[in-house]
Amino acid sequence: MSSNTIVRTVRRSTLRVAAAALVAAAGLTLTACSGADAAGAKSAGQPDKNAATAQSSASGWSGLQSSPAKADATGKQLGGTHAANAGRTASPVRTQRLADGISKAEIYKLGDQHYRAKIVARDSVLATMEAKGRDAGLDANDMFVTLTLDGQVHSWMGGGHQGPGTFKLAGGWTAKVTKLGELRYRAQIIGHDGVAATLETNQHDVGLDANGIYIVLSNGGVISAHE
(Lines give C-alpha, C1' and ligand atoms only; values in the text may rest on other atoms or scores of the structure.)
Protein backbone atom coordinates (compact mmCIF):
# COMPACT_ATOMS: atom_id res chain seq x y z
CA MET A 1 0.00 0.00 0.00
CA SER A 2 1.36 3.41 -0.99
CA SER A 3 1.95 6.25 1.41
CA ASN A 4 -0.84 8.27 -0.24
CA THR A 5 -3.30 5.45 0.41
CA ILE A 6 -2.28 5.30 4.07
CA VAL A 7 -2.82 9.06 4.47
CA ARG A 8 -6.31 8.89 2.90
CA THR A 9 -7.29 5.97 5.16
CA VAL A 10 -6.16 7.82 8.30
CA ARG A 11 -8.10 10.94 7.25
CA ARG A 12 -11.29 8.92 6.68
CA SER A 13 -10.96 7.29 10.11
CA THR A 14 -10.42 10.68 11.74
CA LEU A 15 -13.48 12.12 10.00
CA ARG A 16 -15.62 9.17 11.13
CA VAL A 17 -14.51 9.64 14.78
CA ALA A 18 -15.18 13.40 14.60
CA ALA A 19 -18.62 12.84 13.10
CA ALA A 20 -19.50 10.30 15.78
CA ALA A 21 -18.41 12.77 18.47
CA LEU A 22 -20.59 15.49 16.95
CA VAL A 23 -23.62 13.19 16.85
CA ALA A 24 -23.09 12.21 20.50
CA ALA A 25 -22.71 15.84 21.54
CA ALA A 26 -25.86 16.79 19.64
CA GLY A 27 -27.73 13.96 21.36
CA LEU A 28 -26.64 15.20 24.80
CA THR A 29 -27.68 18.75 23.91
CA LEU A 30 -31.12 17.62 22.74
CA THR A 31 -31.60 15.54 25.90
CA ALA A 32 -30.65 18.48 28.12
CA CYS A 33 -32.95 20.86 26.24
CA SER A 34 -35.80 18.36 26.42
CA GLY A 35 -35.36 18.02 30.20
CA ALA A 36 -35.25 21.79 30.66
CA ASP A 37 -38.40 22.25 28.55
CA ALA A 38 -40.23 19.60 30.57
CA ALA A 39 -39.20 21.25 33.83
CA GLY A 40 -40.29 24.64 32.51
CA ALA A 41 -43.67 23.32 31.46
CA LYS A 42 -44.03 21.63 34.85
CA SER A 43 -43.31 24.82 36.75
CA ALA A 44 -45.46 26.95 34.46
CA GLY A 45 -48.65 24.94 34.36
CA GLN A 46 -48.43 21.70 36.33
CA PRO A 47 -46.93 22.01 39.85
CA ASP A 48 -45.59 18.84 41.35
CA LYS A 49 -47.46 16.87 43.99
CA ASN A 50 -45.40 18.15 46.93
CA ALA A 51 -45.92 21.80 45.95
CA ALA A 52 -49.67 21.26 45.54
CA THR A 53 -49.88 19.60 48.96
CA ALA A 54 -48.03 22.48 50.64
CA GLN A 55 -50.25 25.05 48.96
CA SER A 56 -53.38 23.19 50.04
CA SER A 57 -52.18 23.00 53.64
CA ALA A 58 -51.38 26.72 53.75
CA SER A 59 -54.74 27.72 52.27
CA GLY A 60 -56.55 25.57 54.82
CA TRP A 61 -55.39 27.85 57.69
CA SER A 62 -56.45 31.02 55.89
CA GLY A 63 -60.10 29.95 55.95
CA LEU A 64 -60.42 30.18 59.74
CA GLN A 65 -62.95 32.74 60.89
CA SER A 66 -63.72 34.42 64.19
CA SER A 67 -66.37 32.74 66.28
CA PRO A 68 -69.20 34.76 67.86
CA ALA A 69 -69.30 35.68 71.52
CA LYS A 70 -71.04 33.29 73.86
CA ALA A 71 -74.32 34.23 75.56
CA ASP A 72 -76.07 33.21 78.75
CA ALA A 73 -79.60 31.81 79.01
CA THR A 74 -81.15 35.28 78.55
CA GLY A 75 -79.22 35.83 75.34
CA LYS A 76 -76.94 38.48 76.87
CA GLN A 77 -73.51 38.58 75.30
CA LEU A 78 -70.83 37.53 77.73
CA GLY A 79 -67.59 38.26 75.95
CA GLY A 80 -65.79 39.51 72.89
CA THR A 81 -65.04 37.50 69.76
CA HIS A 82 -62.04 35.22 69.62
CA ALA A 83 -60.18 33.52 66.77
CA ALA A 84 -61.24 29.92 66.23
CA ASN A 85 -57.70 28.61 66.45
CA ALA A 86 -56.51 30.84 69.30
CA GLY A 87 -55.22 28.98 72.34
CA ARG A 88 -55.39 25.66 70.51
CA THR A 89 -51.72 24.95 71.06
CA ALA A 90 -50.83 27.82 73.45
CA SER A 91 -50.86 27.39 77.20
CA PRO A 92 -52.24 29.99 79.61
CA VAL A 93 -49.68 32.14 81.40
CA ARG A 94 -51.64 31.39 84.57
CA THR A 95 -55.00 30.15 85.86
CA GLN A 96 -56.89 32.04 88.54
CA ARG A 97 -59.90 31.06 90.68
CA LEU A 98 -62.78 33.55 90.51
CA ALA A 99 -65.02 35.03 93.20
CA ASP A 100 -67.88 32.54 92.81
CA GLY A 101 -65.54 29.76 93.96
CA ILE A 102 -66.59 27.56 91.05
CA SER A 103 -65.24 29.11 87.87
CA LYS A 104 -61.70 30.08 86.97
CA ALA A 105 -59.98 32.32 84.46
CA GLU A 106 -57.38 30.95 82.04
CA ILE A 107 -55.25 33.92 81.02
CA TYR A 108 -53.36 33.97 77.69
CA LYS A 109 -50.88 36.58 76.52
CA LEU A 110 -51.41 37.39 72.84
CA GLY A 111 -49.08 40.37 72.55
CA ASP A 112 -48.05 43.68 74.09
CA GLN A 113 -51.04 44.95 76.11
CA HIS A 114 -53.11 42.17 74.56
CA TYR A 115 -54.54 39.44 76.78
CA ARG A 116 -57.39 36.96 76.60
CA ALA A 117 -59.18 35.33 79.54
CA LYS A 118 -61.36 32.27 79.17
CA ILE A 119 -63.92 31.84 81.95
CA VAL A 120 -64.10 28.09 82.57
CA ALA A 121 -66.34 26.02 84.86
CA ARG A 122 -66.58 22.23 84.94
CA ASP A 123 -64.32 21.99 81.86
CA SER A 124 -66.66 24.20 79.80
CA VAL A 125 -65.75 27.67 78.47
CA LEU A 126 -68.57 29.98 79.61
CA ALA A 127 -67.22 33.25 78.24
CA THR A 128 -64.17 34.84 76.67
CA MET A 129 -62.79 38.29 77.48
CA GLU A 130 -60.14 40.13 75.50
CA ALA A 131 -58.18 43.25 76.49
CA LYS A 132 -56.46 44.85 73.50
CA GLY A 133 -55.61 48.51 73.82
CA ARG A 134 -58.16 48.86 76.63
CA ASP A 135 -59.40 47.01 79.71
CA ALA A 136 -62.27 44.53 79.43
CA GLY A 137 -65.18 43.71 81.73
CA LEU A 138 -67.86 41.07 82.21
CA ASP A 139 -71.09 40.68 84.18
CA ALA A 140 -71.48 36.91 84.56
CA ASN A 141 -74.78 36.55 86.40
CA ASP A 142 -73.89 39.02 89.17
CA MET A 143 -70.22 38.01 89.28
CA PHE A 144 -68.23 40.89 87.85
CA VAL A 145 -64.84 40.33 86.22
CA THR A 146 -62.28 42.75 84.78
CA LEU A 147 -59.26 41.95 82.60
CA THR A 148 -56.65 44.73 82.47
CA LEU A 149 -54.12 45.60 79.79
CA ASP A 150 -51.34 43.96 81.79
CA GLY A 151 -53.26 40.67 82.07
CA GLN A 152 -54.55 41.05 85.63
CA VAL A 153 -57.97 39.56 86.45
CA HIS A 154 -60.17 40.86 89.27
CA SER A 155 -63.56 39.45 90.22
CA TRP A 156 -66.22 40.13 92.85
CA MET A 157 -69.82 39.27 93.61
CA GLY A 158 -72.78 41.68 93.61
CA GLY A 159 -72.84 45.41 94.28
CA GLY A 160 -74.51 46.25 90.97
CA HIS A 161 -76.70 49.30 90.29
CA GLN A 162 -79.28 49.20 87.52
CA GLY A 163 -79.07 52.19 85.18
CA PRO A 164 -80.09 54.65 83.99
CA GLY A 165 -79.23 56.76 87.01
CA THR A 166 -76.41 58.29 89.06
CA PHE A 167 -74.66 56.05 91.57
CA LYS A 168 -71.88 56.27 94.15
CA LEU A 169 -69.11 53.76 93.51
CA ALA A 170 -66.16 52.42 95.49
CA GLY A 171 -63.12 54.65 95.78
CA GLY A 172 -65.14 57.88 95.84
CA TRP A 173 -66.16 57.66 92.17
CA THR A 174 -69.62 58.57 90.86
CA ALA A 175 -71.15 56.92 87.80
CA LYS A 176 -73.77 58.63 85.65
CA VAL A 177 -75.39 55.91 83.53
CA THR A 178 -77.55 56.76 80.51
CA LYS A 179 -79.32 54.50 78.03
CA LEU A 180 -78.40 54.98 74.37
CA GLY A 181 -80.41 52.16 72.81
CA GLU A 182 -80.94 48.40 72.87
CA LEU A 183 -78.03 46.84 74.80
CA ARG A 184 -76.25 50.21 74.64
CA TYR A 185 -75.43 52.19 77.76
CA ARG A 186 -72.92 54.88 78.64
CA ALA A 187 -71.39 55.53 82.05
CA GLN A 188 -69.46 58.69 82.86
CA ILE A 189 -67.03 58.03 85.70
CA ILE A 190 -66.84 61.25 87.69
CA GLY A 191 -64.21 62.22 90.25
CA HIS A 192 -63.37 65.37 92.18
CA ASP A 193 -62.15 67.07 89.02
CA GLY A 194 -65.07 66.09 86.78
CA VAL A 195 -65.45 63.29 84.23
CA ALA A 196 -62.35 61.10 84.39
CA ALA A 197 -63.43 58.32 82.03
CA THR A 198 -66.35 57.11 79.94
CA LEU A 199 -67.53 53.54 79.48
CA GLU A 200 -69.86 52.61 76.65
CA THR A 201 -71.39 49.25 75.81
CA ASN A 202 -72.26 48.19 72.29
CA GLN A 203 -73.93 44.80 72.75
CA HIS A 204 -71.13 43.61 75.04
CA ASP A 205 -70.01 44.39 78.58
CA VAL A 206 -67.07 46.72 79.23
CA GLY A 207 -64.67 47.26 82.13
CA LEU A 208 -62.14 49.70 83.51
CA ASP A 209 -59.29 49.89 86.00
CA ALA A 210 -59.78 53.37 87.52
CA ASN A 211 -56.62 53.76 89.62
CA GLY A 212 -57.13 50.46 91.41
CA ILE A 213 -60.95 50.63 91.44
CA TYR A 214 -62.33 48.03 89.06
CA ILE A 215 -65.57 48.95 87.29
CA VAL A 216 -67.86 46.90 85.03
CA LEU A 217 -70.76 48.22 82.96
CA SER A 218 -72.99 45.52 81.46
CA ASN A 219 -74.89 45.79 78.20
CA GLY A 220 -78.05 45.71 80.33
CA GLY A 221 -77.05 48.92 82.12
CA VAL A 222 -75.85 47.38 85.40
CA ILE A 223 -72.74 49.05 86.85
CA SER A 224 -70.62 47.70 89.69
CA ALA A 225 -67.25 48.64 91.18
CA HIS A 226 -64.82 46.96 93.54
CA GLU A 227 -61.72 48.11 95.35
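Residues numbered from 1 in each chain as written. Predicted model: local features only at pLDDT ≥ 70, side-chain atom pairs only at ≥ 80, totals over all residues. Heavy atoms only, no water.

Caption draft 1: Spotlight on the overall build of the protein. What the protein contains, in helices and strands, is two helices and 17 strands. Of all intrachain contacts in the protein linking residues separated by at least 6 positions in sequence, the fraction that spans at least 24 positions is 35%. For the protein, the exposed area adds up to about 13700 Å²; of that, 52% sits on carbon and sulfur atoms. (Helix = DSSP H or I, 4+ residues; strand = E, 2+ residues; numbered from the N terminus. Contact = heavy atoms within 4.5 Å. Areas by Shrake-Rupley, 256 points an atom, 1.4 Å probe, with all protein chains shown as cover.)

Caption draft 2: Expanded view of the confidence of the model for the protein. When pLDDT is averaged along the protein, the result is 73; 61% of the residues meet or exceed 70. Scored below 50 in pLDDT, residues 2-89 shows 49 contacts in the model against residues more than four places distant or in partner chains. (pLDDT = per-residue confidence, 0-100.)

Caption draft 3: Molecular detail of the packing of aromatic side chains. As enumerated under the stated definition, the model contains one aromatic pair in all. Arranged with centres 5.9 Å apart and planes meeting at 25°, the rings of Phe144 and Trp156 form a pair that is stacked. Pair noted here: Phe144 is in strand β8 (residues 143-147) and Trp156 is in strand β9 (residues 153-157), with a separation of 12 residues, a long-range link. With a relative accessible area of 4%, Trp156 lands in the buried category. (Phe/Tyr/Trp six-rings, centres within 6.5 Å; stacked < 30°, edge-to-face > 60°. Buried < 20%, exposed > 50% of the residue type's maximum accessible area, 1.4 Å probe, protein only.)

Caption draft 4: The environment of Arg186, seen in detail. For Arg186, the position within the fold is in strand β13 (residues 184-191). For Arg186, a relative accessible area of 31% gives the class partly exposed. Sequence separation between Arg186 and Leu217 is 31 residues, and the spatial gap between their C-alpha atoms is 8.2 Å. A distance of 3.0 Å separates the side chain of Arg186 from the side chain of Glu200, its partner in a polar contact. (Polar contact = N/O pair within 3.5 Å; in protein donor to acceptor, adjacent residues only side chain to side chain.)

Caption draft 5: Looking closely at the side chain of Asp205. Position of Asp205 relative to the elements: it lies in the loop between β14 (194-200) and β15 (206-210). At 2.9 Å, the side chain of Asp205 forms a polar contact with the backbone nitrogen of Asp139. Polar side-chain contacts of Asp205 include one of 2.8 Å to the backbone nitrogen of Asn219.

Caption draft 6: Inspection of the pairing of strand β5 (residues 114-121) at higher detail. In terms of burial, β5 is largely enclosed, as eight of its eight residues are buried. As defined by bridge partners, strand β4 (residues 104-111) adjoins β5 across seven bridges and the pair is classed as antiparallel. Paired with Gly111 across the bridge in β5 is His114. In this structure, the hairpin formed by β4 and β5 is closed by a connection of two residues, where Gln113 is found at a positive phi of approximately 55°. Where β5 and strand β6 (residues 124-132) come together, eight bridges link them in antiparallel fashion. Residue pairing in the sheet places Tyr115 in a bridge with Ala131 of β6. Hairpin connection from β5 to β6: two residues lie between these consecutive antiparallel strands, with Arg122 at a positive phi of about 50°. (Pairing = 2+ DSSP bridges.)

Caption draft 7: Up close: the sheet that holds strand β3 (residues 94-97). Pairing is antiparallel in the open sheet, where four strands are placed in the order β3-β4-β5-β6. The strands lining the two open edges of the sheet, one partner per strand, are β3 and β6. Taking the axes of each pair of neighbouring strands and ignoring which way they run, one obtains an average angle of 25° across the sheet. (Axes fitted to C-alpha atoms, helices over the stretch in contact; angles between N-to-C directions.)

Caption draft 8: The arrangement of the pattern of salt bridges in detail. Applying the stated criterion across every chain, the model contains three salt bridges. Two residues, Arg184 and Glu200, come together in a salt bridge whose shortest N-O distance is 2.7 Å. One end of the pair, Arg184, is in strand β13; the other, Glu200, is in strand β14, and 16 residues separate them in sequence. By relative accessible area, Glu200 is classed as partly exposed at 33%. Members of the salt-bridge network, linked through shared partners, are Arg184, Arg186 and Glu200. (Salt bridge = Lys/Arg side-chain N within 4 Å of Asp/Glu carboxyl O.)

Caption draft 9: Focus on the sheet that holds strand β7 (residues 136-140). Here three strands make up an open sheet; going across it, the order is β7-β8-β9 and the pairing antiparallel. Each edge of the sheet is formed by a strand with only one pairing partner; in this case those strands are β7 and β9. Neighbour-to-neighbour, the strand axes of the sheet open up by a mean angle of 15°, direction not taken into account. Relative to β8, β7 runs antiparallel, the two sharing five bridges. Bridge pairing in β8 links Asp139 to Phe144.

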